[in-house]
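# Structural description and commentary
The residues making up each chain are set out below.
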Amino acid sequence: MRQKKNKFYITTPIYYVNASPHIGHSYTNIAADTLARAMRHSLGEKITGEKVWFLTGSDEHGQKIQRAADEAKMSPQEFVDKVVVQFKALWGELGISNNDFIRTTEERHRRTVERVLSILFARGDIYRSQYEGLYCTPCETFWLESQAAGQICPECKRPVEKIAETSYFFRMSAYQQRLIDHLKASPRFVEPRIRYNEVFSFLTMNTLTDLCISRPKGRLSWGIPLPFDPDHVTYVWFDALINYISAVGTFGEDDQYRSSWWNPETEIVQLIGKDIVRHHAVYWPIMLMALGINLPDTIVAHGWWMIGEDKMSKSRGNAVSPSAVVEKFGIDVYRYFLLRDVPFGTDGNFSEEALVRRFNGDLANDLGNLVYRTLTMVEKYFQGVVPPAGIPAGRAAEIYEKLRLLPGAVSERLSCDGDFNFSAALEKIWEVIAYANKYVEETKPWNLAKENKTEELKSFIRLLVDVIRAASAELEPFMPATAASIKEQLGADTVRKGKPLFPRII
Ligand code: MSP
């Protein structure tokens, strides 16, 4: 197991604000939020932002944005100012606890990007040359001949264009071996394993070409001008990746980057979708190496939310708005479904039927039922006062042992060693819930009451209360409002029964 660090920095991709956010975008932020909350808890954060820093933001430059702005007949700045509001509002609505939100049009970001460009240009890691290649405009990505078979973009399947122009290049090739060595030494650098293998074979089977990091102003003006050649703007990806350091630190006079979050003493975890692995696991670490900055600990790539056979995306016209789902089912149900239904890393199919199935099964029947029946019994048999614990034996002792092991089991699954498997972590919590429900059916506490077995009944009900308290403490990072509601109802010595948490949807 890697040595634990006592600070944690987690990032999400910064989203293109060319259209409204959809379920896919919200997935990364909900996952990151869950990890941030779990880490705040496990590192014992007392003051907000003391031990955990959670960054998200918006990617506001480049051709995609310029085009969307043109279509909306607005200036790019006006356009992004308008769309970014929707992203910020959604994160608020979903209870996302990010500590900061970075926009690439902010001054603090522009200054850092200019600094990075100047440093790398002065060192010879950025140089001027002529570019000839295949470019996919919608994806803003250059492809090798071998990748764009038939001159078709492998990502979006649209035709690529052959381009020749004066450009600036980032000398990635010089760092290829160092990155391979790093991957060999850090098998957890990219998660899950399938993505690590992809990156590893990409690096070992191809010779890296230098990355074109500029666009002539004539073709694209919406970007950060190169400080050493104002006729060119920075390639949107080179600009965007820098957000992870521009938001949390600065370069000193000595060209050294300093940050209280991006440093070797902090565990740095970067969540991304599997579509942007190459940018994050190849370009980005090489940029950091060239700048003499430490690499992140882990880049975790999740799968896609699909609608039938297609990836959910604005361009495919199948985007589902998170707000619509939340309005109908509630925030926590939405969060639960996304994190529970598929293991992180795997593609998932989004459908309301699947969500209702999870709702009625896991939430209404299992969790909701356990809480409601327990509260009802505390009221009915003990006038609402939680009875004291007995001395557990047999099944009860077994359940208490499970409760003791639960926090470790959950945090293990939420760590690098557990492949950040949110679904498996939830499964662990549900195991205890299911066990307790089964125990209720077997023990039939109503019979204990009838037979006046008061002591047995007391310790039995107390056991159920303890199961709920333990489960809801573990549930907090996933379903903060539900955990709070359970705490409100069952946290004190005297219970306060509310409405059922998850009334079944017929
Ligand atoms: N702006 C770049 C990222 C720059 S990071 C320095 C970008 N933006 S994006 O808005 O197109 O997509 C960003 C991320 O949204 C994806 O990597 C992924 O995390 C998430 N998703 C977008 N569509 C998705 C699905 N259908 N399913 C799951 N996640 C998806 O790329």
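Owing to the predicted nature of the structure, the values given are computational and were not obtained by experimental measurement.

## A short note on the site of the ligand
The environment of the ligand is made up of 25 residues, and the closest members are Ile14, Thr28, Asp59, Trp305 and Met312. Backbone polar atom of Gly24 to a nitrogen atom of the ligand: 3.3 Å apart, as the coordinates give it. The side chain of Asp275 places a nitrogen or oxygen atom 3.2 Å from an oxygen atom of the ligand. Considered on its own, the ligand offers 660 Å² of accessible surface; in the complex 95% of this is hidden by protein. At four residues, the largest contribution of residues to the shell around the ligand is made by strand S1 (residues 7-16).

## Brief notes about the packing of helix H5 (residues 176-185) against helix H6 (residues 193-205)
Interhelical geometry of H5 versus H6 gives an angle of 150° and a closest axis separation of 10 Å. Considered as vectors, H5 and H6 are oriented roughly antiparallel to each other. Once H5 is placed against H6, the crossing between them reads as left-handed. Between H5, through Gln176, Leu179, Ile180, Leu183 and Lys184, and H6, the contact on the second element is made entirely by Tyr196, Val199, Phe200, Leu203 and Thr204. In terms of residue class, the contact of H5 with H6 is made up of seven nonpolar, two polar and one charged.

## Some remarks on H5
Buried within H5 we find Gln176, Leu179, Ile180 and Leu183. For H5, the arc enclosing every buried residue in end-on projection is 100°, short of the 170-degree limit, so these residues lie on one face. Lining the buried residues of H5 we find strand S7 (190-191), H6 and helix H9 (277-291).

## A short note on the sheet that holds strand S18 (residues 348-349)
The pairing of strands in a sheet happens through backbone hydrogen bonds and is either parallel or antiparallel. Pairing in this open sheet of three strands is mixed, and the strands run S17-S16-S18 from one edge to the other. The outermost strands of the open sheet, each flanked by one partner alone, are strand S17 (310-311) and S18. When strand S16 (residues 305-307) meets S18, the two strands line up parallel, connected through two bridges. Each residue of the ladder has a partner; that of Trp305, found in S18, is Gly348.

## As for the pattern of salt bridges
According to the stated counting rule, one finds 36 salt bridges in the structure shown. Salt-bridge contacts for Arg188 lead to Asp419; the nearest nitrogen and oxygen are separated by 3.2 Å. In this pair, Arg188 sits in the loop between H5 and S7 while Asp419 sits in the loop between helix H13 (394-413) and helix H14 (422-443), placing the two residues 231 residues apart along the sequence. What makes Arg188 partly exposed here is its relative accessible area of 30%. We classify Asp419 as partly exposed; its relative accessible area is 38%. Across the salt bridge formed by Glu455 and Lys458, the nearest N and O atoms sit 3.5 Å from each other. Of this pair, Glu455 and Lys458 both sit in helix H16 (residues 454-475), three residues apart, which is roughly one turn of the helix. Three or more residues are tied together by salt bridges with common partners; here these are Asp33, Arg37, Arg335 and Glu476.

## What about the domain arrangement of the chain?
With domains assigned, the chain is organised as domain 1 (8-302) and domain 2 (352-490). On a C-alpha basis, the centres of domain 1 and domain 2 stand 42 Å from each other. Of the residues lining the interface, 11 residues belong to domain 1; the matching set on domain 2 comes to 10 residues. Both faces combined, the contact of domain 1 with domain 2 buries some 1000 Å², and carbon together with sulfur accounts for 69% of it. Inspection of the domain 1/domain 2 interface yields three salt bridges. The partner of Arg37 in a salt bridge is Glu476, and the shortest N-O contact between them spans 3.5 Å. The tally of links between domain 1 and domain 2 comes to three residue pairs in polar contact (both at pLDDT 80 or more). Of all the elements in the fold, those that place two or more residues in the side of domain 1 that touches domain 2 are helix H1 (23-42) and strand S15 (298-302). In terms of residue count, H1 provides more of the side of domain 1 that touches domain 2 than any other element does, six residues in total.

Here is what the cut-offs are and how they apply
- Residues numbered from 1 in each chain as written.
- Predicted model: local features only at pLDDT ≥ 70, side-chain atom pairs only at ≥ 80, totals over all residues.
- Heavy atoms only, no water.
- Near = heavy atom within 4 Å.
- Polar contact = N/O pair within 3.5 Å; in protein donor to acceptor, adjacent residues only side chain to side chain.
- Areas by Shrake-Rupley, 256 points an atom, 1.4 Å probe, with all protein chains shown as cover.
- Helix = DSSP H or I, 4+ residues; strand = E, 2+ residues; numbered from the N terminus.
- Axes fitted to C-alpha atoms, helices over the stretch in contact; angles between N-to-C directions.
- Parallel < 35°, antiparallel > 145°, perpendicular 65-115°, else oblique.
- Left-handed = near helix turned anticlockwise from the far one by under 90°.
- Contact = heavy atoms within 4.5 Å.
- Nonpolar A, V, L, I, M, F, W, Y, C, P; charged D, E, K, R; others polar.
- Buried < 20%, exposed > 50% of the residue type's maximum accessible area, 1.4 Å probe, protein only.
- Arc of directions from axis to C-beta.
- Pairing = 2+ DSSP bridges.
- Salt bridge = Lys/Arg side-chain N within 4 Å of Asp/Glu carboxyl O.
- Domains from an automatic or database assignment.
- Buried area = accessible area lost by both parts, 1.4 Å probe.

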